[in-house]
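In case you want the letters, here they are:
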Amino acid sequence: MARRKASPLIPLSEVPEVREAADALIAAVERAVNERALEHGPYTKSISELERLRGRPLMFPMLGSGTGHGARVRLADGSEKLDFIGGIGVYAFGHADRDLLEHAVVAAAADTVFQGHLLPGPEYLRLSRLLVKHAGRRFRHAWLAMSGAMANENALKLIFQKHAPADRVVVFDRAFHGRTSVMAELSDRPAFRDGQPLRGNVLNIPFYDPSDPDSTANSVAALDAHLRRHPGQIATMCFELVQGEGGFHTAPPEFFHALMARCRKARIAVWVDEVQTFARTGELFAFQTLGLEQYIDVVTIGKVLQGSATLFSQRYNPRPGLIAGTYAGSTVGMAVGARIIERLESEGFLGEKGRIAVLARRIDARFTSLRKRLPKLVGARSGIGAMQAFTVFDGSPEVTRKVLDACFEEGLILLTAGSNPTKLRMLPPVNVTDEELEAAFTALEKALSRVAEELDA
């Protein structure tokens, strides 16, 4: 009997000799990187040169070396930091995850570095298939793109086409949806659209306020007011289920149920922006965590995906020509994104008892302990799953930046989010170890104590 040929849709990384060669290359790169380190002078000079080329300073004076391990990243000067921001939520399994690197190396050696929509490869198909499979029955289509902002642009275009001539968009106060000109207008950060022309078609309503028992009713009333004021002109409401840049604010499912049901009644599209929440709230999609599947027409994802995608129902499948583009994403990004989804499912990360839920409880326990020891220095915490934020001292941007810098000096990379108060946020790897968590909170406590001593607080 003739031997059946292997399907080209089976990843090359499953071929033993290919995987072995990839492993050998990764090991050689790791050895070479570990043997090299810049002295202090050349290292700081390189950072200064990069800042000059960018035209603006870096958030932190650091330059990566190209390797690391788990939550730890190795810098070009040979030092290590605990990376608890992960490229603002991109590195799901931290640095130098061997399995992901092997898939990346194999994908990089395949036909092309980037794939377009004109000639997609097997990685494009595998990723699209996985996304539609896991998104639920409402979603029939997935359109891949390079960045979260581009996924959001595509979402808005197909919604506008379906609801033309309606052209207004309802968003939450403190929302963030991207850095393109249009997405910056949807985002509630004036500095992000400084000097940019505005169309004036964005309508705001308040996000959930846990201190206000009437918060849900107030937000629904605000939406109703917009619907009355602009009959037939509102195309969609965009939901950021966990506000990221705005401060990691969360809301109970009932809040979203009420607003989405109102959108359904008014026949406007329900669009969910999951660029940051994808794979971080306990399920692949935050709308699944919150039980909102029945309402949603369009969802956008990115970051952990190593690219981005717009998923939509058959009703919102656009006419030919509306969404396109040269690049769908990198071959490496597609292969690694698909592998991340497979591992999240197969290695027990998802669900109420999954590893992401366990991680959230471990973080909660450490914050509770830290707040008991430093009650004046650590304030309220917000977030869900593997995305957490907290207030330090008075929550002022100046003092919070002092703590951020002190954390960096103690070997911990965090980032700020929100305003009034400004918070510190963490987006750790979903597979962060107990040892890494303990080291991170030790560094955080040292940083807080240093700033307290400086401020005599």
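Preceding this paragraph is the structure being described.
This structure is a prediction, so every number in the text was calculated from the model and none was measured. (Residues numbered from 1 in each chain as written. Predicted model: local features only at pLDDT ≥ 70, side-chain atom pairs only at ≥ 80, totals over all residues. Heavy atoms only, no water.)

Caption draft 1: Structural detail: the overall build of the chain. Assigned secondary structure in the chain consists of 14 helices and 17 strands. The globule rule puts the C-alpha radius of gyration for 457 residues at 23 Å, and the 23 Å found for the chain is close to it. Reported as C-alpha extents along the three principal axes, the dimensions of the chain are approximately 80 × 65 × 45 Å. Out of the 457 residues belonging to the chain, those deemed buried represent 52%. Nonlocal contacts in the chain, meaning residues at least 24 apart in sequence, comprise 74% of its contacts between residues at least 6 apart. Carbon and sulfur atoms provide 53% of the accessible area of the chain, an area that totals close to 21,500 Å². (Helix = DSSP H or I, 4+ residues; strand = E, 2+ residues; numbered from the N terminus. Rg over C-alpha atoms; globule rule 2.2 N^0.38 Å. Buried < 20%, exposed > 50% of the residue type's maximum accessible area, 1.4 Å probe, protein only. Contact = heavy atoms within 4.5 Å. Areas by Shrake-Rupley, 256 points an atom, 1.4 Å probe, with all protein chains shown as cover.)

Caption draft 2: View of the nonpolar core. Of all hydrophobic cores here, the largest spans 110 residues; its most connected members are F239 and F256. When residues in this core are grouped by element, the largest group, nine residues, is from helix 14 (residues 434–455). Those residues in contact with F256, other than ones at most four positions away along the chain, are F172, F207, F239, L241, A251, L290 and L292. Residues F160, L186, F312 and Y316 belong to the second largest nonpolar core, which totals 20 residues. (Core = buried A, V, L, I, M, F, W, Y, C linked by side-chain atoms within 4.5 Å.)

Caption draft 3: Looking closely at the sheet that holds strand 1 (residues 64–69). The strand order across the open sheet built from four strands is 1-2-3-15, with neighbouring strands paired in mixed fashion. Of all the strands in the sheet, the pair left with one neighbour each is strand 1 and strand 15 (412–413). (Pairing = 2+ DSSP bridges.)

Caption draft 4: The packing of helix 4 (residues 98–108) against helix 11 (residues 331–346), seen in detail. Here helix 4 crosses helix 11 at 150 degrees, and the two axes come no closer than 8 Å. Crossing geometry of helix 4 relative to helix 11 is assigned as right-handed. Between helix 4 and helix 11, the contacting residues are D99, L100, H103, A104, A107 and A108 on the first element and T331, V332, A335, V336, R339, I340 and R343 on the second. Along the lines of polarity and charge, the residues of the contact of helix 4 with helix 11 split into eight nonpolar, two polar and three charged. (Axes fitted to C-alpha atoms, helices over the stretch in contact; angles between N-to-C directions. Left-handed = near helix turned anticlockwise from the far one by under 90°. Nonpolar A, V, L, I, M, F, W, Y, C, P; charged D, E, K, R; others polar.)

Caption draft 5: The arrangement of the packing of aromatic side chains in detail. Going through the model one piece at a time under the given rule, you end up with 18 aromatic pairs. With 5.7 Å between their ring centres and 40 degrees between their planes, F139 and F287 make a pair best called tilted. A residue pair is termed long-range when its members are at least 10 positions apart, and F139 in the loop between helix 5 (122–135) and strand 5 (141–145) and F287 in helix 10 (residues 286–289) qualify at 148 residues. As far as burial versus exposure is concerned, F139 and F287 are alike and both buried. Following the ring pairs from residue to residue traces out a cluster consisting of F172, F207, Y208, F239, F255 and F256. (Phe/Tyr/Trp six-rings, centres within 6.5 Å; stacked < 30°, edge-to-face > 60°.)

Caption draft 6: Here's a closer look at the packing of helix 12 (residues 355–373) against helix 14. Close contact between helix 12 and helix 14 brings their axes to 11 Å; oriented N to C, the two are set at 30 degrees. When the interaxial angle is binned, helix 12 and helix 14 end up roughly parallel. Crossing handedness for the pair helix 12 and helix 14: right-handed. In this structure, helix 12 contributes L359, R362, I363, R366, F367, L370 and R373 to the contact, and helix 14 contributes D434, L437, E438, F441, L444, E445 and L448. (Parallel < 35°, antiparallel > 145°, perpendicular 65-115°, else oblique.)

Caption draft 7: Structural context of the state of the cysteines. The tally for this structure, following the rule as stated, stands at zero disulfides. Here C238 stays unpaired: no disulfide links it, and the sulfur of C263, its closest cysteine neighbor, is 11 Å away. (Disulfide = S-S within 2.5 Å.)

Caption draft 8: Region of the structure containing the sheet that holds strand 5. Read from one edge of the open sheet, seven strands run 5-11-10-9-8-6-7, paired in mixed fashion. Two strands bound the open sheet, and with one partner strand each, they are strand 5 and strand 7 (202–205). Pairwise comparison of adjacent strand axes, ignoring direction, gives a mean angle of 20 degrees for this sheet. With four bridges joining them, strand 6 (residues 168–172) and strand 7 adopt parallel strand pairing. Opposite V170, over in strand 7, you have L203 as the bridge partner. Running at roughly 25 degrees to strand 11 (residues 308–312), helix 6 (residues 148–163) makes contact with strand 5, strand 6, strand 8 (234–239), strand 9 (269–274), strand 10 (298–301) and strand 11 of the sheet.

Caption draft 9: Quick look at the pattern of salt bridges. Inspection of the entire model under this criterion finds 26 salt bridges. Residue D23 pairs with R98 through a salt bridge whose shortest N-O separation is 3.1 Å. Highlighted residues: D23 in helix 1 (residues 16–34) and R98 in helix 4, separated in sequence by 75 residues. On the accessibility criterion, R98 (31% relative accessible area) is partly exposed. Its salt-bridge partner being R343, residue E347 comes within 2.9 Å of it at the nearest N-O pair. Since its relative accessible area comes to 31%, E347 is described here as partly exposed. Using a relative accessible area of 7% as the deciding quantity, one classes R343 as buried. Through salt bridges with shared partners, one network takes in R19, D97, D99, E102, R339, E342, R343 and E347. (Salt bridge = Lys/Arg side-chain N within 4 Å of Asp/Glu carboxyl O.)

Caption draft 10: Region of the structure containing a positive patch on the surface. Where like charges cluster on the molecular surface, the positive patch consists of K162, R267, R315 and R319. Topologically, K162 is positioned in helix 6. Residue K162 is classed as partly exposed on the basis of its relative accessible area, which comes to 41%. (Patch = residues over 30% accessible without salt bridge, like charges linked within 9 Å, V, L, I, M, F, W, Y side chains within 5 Å. Lys, Arg positive; Asp, Glu negative; His and termini not counted. Charge placed at Lys NZ, Arg CZ, Asp CG, Glu CD.)

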